[in-house]
Amino acid sequence: MKKILLITALLISTLAASAQKNTSLSYIDKFKADAIRIMQETGVPASIVLGVAMHESACGNSAIAQNLNNQFGVKGGSTSVYYKHKKKVRSSYKQYSSITESFEDFARIMTERKQFSHLADQLTQYDYVAWAKGIQRSGYASSRKWASQVLGLINKYKLYDLDQTPADEPKLLQPAPDPTDPTGIQPKMASNQ
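This is a predicted model, so every value here is computed, not measured.

1. Section: the layout of surface pockets
Thinking step 1. In this structure, the largest pocket spans a volume of roughly 240 Å³.
Thinking step 2. Taken together, 14 residues make up the lining of the largest pocket; nearest its centre are Phe-72, Gly-73, Val-74, Lys-75 and Tyr-140.
Thinking step 3. Broken down by class, the residue content of the lining of the largest pocket amounts to nine nonpolar, two polar and three charged.

Structure representation (structure tokens):
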């Protein structure tokens, strides 16, 4: 009897997990380019953009993410309406025309709202830990665990690697061949100036 219950519980949990539209990895693959673009345009770390989106939207599986394109739990100025199981749901969360618009609005909030804009002035795109703690301290979420949960996602999926863009890496230049050098071409480091 215990084996039957265990097998049933495992099947139910497997079905529930497979019923979700997005997995963490598929969500990262789908939106990492947007997060990097936003980082390059605004200075908000891509790891923060993606980590907050994953946390707030349950990797795009939450009701507001699916029905309102709201990936960040942003509340809006008017009531949004959507239908869930044929029932009308009124929500105080902001509705976006696209997921990309939601990502861009989050970056705007972080860089233009007085409540958060000091972070963009004081921190670089590599200070993701300070960004997460600063966002929490500035009132983005009321939970005391919010920053540690976002940082947990960033560390688990190594989202901080997205903050290291190819543009940051020194490039190798190939100088013109030196006819007096019998060994061939020696690469030189490019200056980033």
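2. Thoughts on helix 8 (residues 146–156)
Thinking step 1. Looking at helix 8, one finds that the buried residues are Trp-146, Ala-147, Val-150, Leu-151, Leu-153 and Ile-154. For helix 8, the angular spread of buried residues about the axis comes to 155°, placing them on one side.
Thinking step 2. Contact partners of the buried residues in helix 8: helix 3 (46–57) and helix 7 (128–137).
Thinking step 3. Remark: Lys-158 follows helix 8 within two positions and exhibits a positive phi of approximately 50°.

3. Comments concerning the environment of Lys-133
Thinking step 1. Position of Lys-133 relative to the elements: it lies in helix 7.
Thinking step 2. Setting aside residues no more than four positions away along its own chain, Lys-133 makes contact with Ala-147 and Leu-151.

4. Let's talk about the pattern of salt bridges
For side chains of opposite charge, pairing can occur when their charged atoms come near one another.
Thinking step 1. Here the structure, examined in full by the defined rule, presents six salt bridges.
Thinking step 2. One salt bridge connects Arg-37 with Glu-41, and the closest N-O pair in it is separated by 3.4 Å. Remark: Glu-41 and Arg-37 occur in helix 2 (residues 24–42); sequence separation between them is four residues, near one turn of the helix.

5. Observations regarding helix 6 (residues 114–122)
Thinking step 1. Among the residues of helix 6, Phe-116, Ser-117 and Leu-119 are the ones counted as buried. Taken down its axis, helix 6 places every buried residue within 150° of arc, on the same side. Residues of helix 6 that are exposed and angled more than 90 degrees away from the buried face: Lys-114, Asp-121 and Gln-122.

6. Notes on the environment of Ser-102
Thinking step 1. Looking at the element boundaries, Ser-102 is found in helix 5 (residues 99–112).
Thinking step 2. Owing to a relative accessible area of 0%, Ser-102 belongs among the buried residues under this scheme.
Thinking step 3. Distance in space between the C-alpha atoms of Ser-102 and Ala-65 is 9.5 Å, their sequence separation being 37 residues.
Thinking step 4. Not counting residues up to four positions away in its chain, the partners in contact with Ser-102 are Asn-69, Asn-70, Gln-71, Phe-72 and Tyr-96.
Thinking step 5. Here the side chain of Ser-102 touches Asn-69 through a polar contact of 3.4 Å, landing on its backbone oxygen.

7. A look at the pairing of strand 2 (residues 87–93)
Thinking step 1. Two strands pair when backbone bridges link them, and strand 1 (residues 75–84) and strand 2 are joined in this way by six bridges, in the antiparallel orientation. Bridge pairing links Ser-80 to Ser-91 in strand 2.
Thinking step 2. What sits between the antiparallel neighbours strand 1 and strand 2 is a turn of two residues, in which His-85 has the positive phi angle 55°.

8. Here we look at the confidence of the model for the chain
Thinking step 1. Summary statistics for the chain give a mean pLDDT of 83 and a share of 75% for residues scoring 70 or more.
Thinking step 2. Note that pLDDT drops below 50 for residues 168–176; the model gives that stretch 18 contacts with residues more than four away or on any other chain.
Thinking step 3. Overall, residues 185–193 carries pLDDT values under 50, and its contacts beyond four positions in sequence, including any with other chains, amount to 17 contacts.

9. Looking at the environment of Leu-151
Thinking step 1. With respect to the helices and strands, the residue Leu-151 is situated in helix 8.
Thinking step 2. Each C-alpha atom of the pair Leu-151 and Lys-133 lies 9.1 Å from the other, and the pair is 18 residues apart in sequence.
Thinking step 3. Filtering out sequence-adjacent residues up to four positions away, Leu-151 remains in contact with Tyr-128, Val-129, Ala-132 and Lys-133.

Definitions and limits used
- Residues numbered from 1 in each chain as written.
- Predicted model: local features only at pLDDT ≥ 70, side-chain atom pairs only at ≥ 80, totals over all residues.
- Heavy atoms only, no water.
- 1 Å grid on protein atoms, 1.4 Å probe; cavity = no way out; pocket = protein on both sides within 12 Å on 5 of 7 lines; lining within 4 Å.
- Points joined across faces, edges and corners; volume = space filled by probe spheres on them.
- Nonpolar A, V, L, I, M, F, W, Y, C, P; charged D, E, K, R; others polar.
- Buried < 20%, exposed > 50% of the residue type's maximum accessible area, 1.4 Å probe, protein only.
- Helix = DSSP H or I, 4+ residues; strand = E, 2+ residues; numbered from the N terminus.
- Arc of directions from axis to C-beta.
- Contact = heavy atoms within 4.5 Å.
- Salt bridge = Lys/Arg side-chain N within 4 Å of Asp/Glu carboxyl O.
- Polar contact = N/O pair within 3.5 Å; in protein donor to acceptor, adjacent residues only side chain to side chain.
- Pairing = 2+ DSSP bridges.
- pLDDT = per-residue confidence, 0-100.

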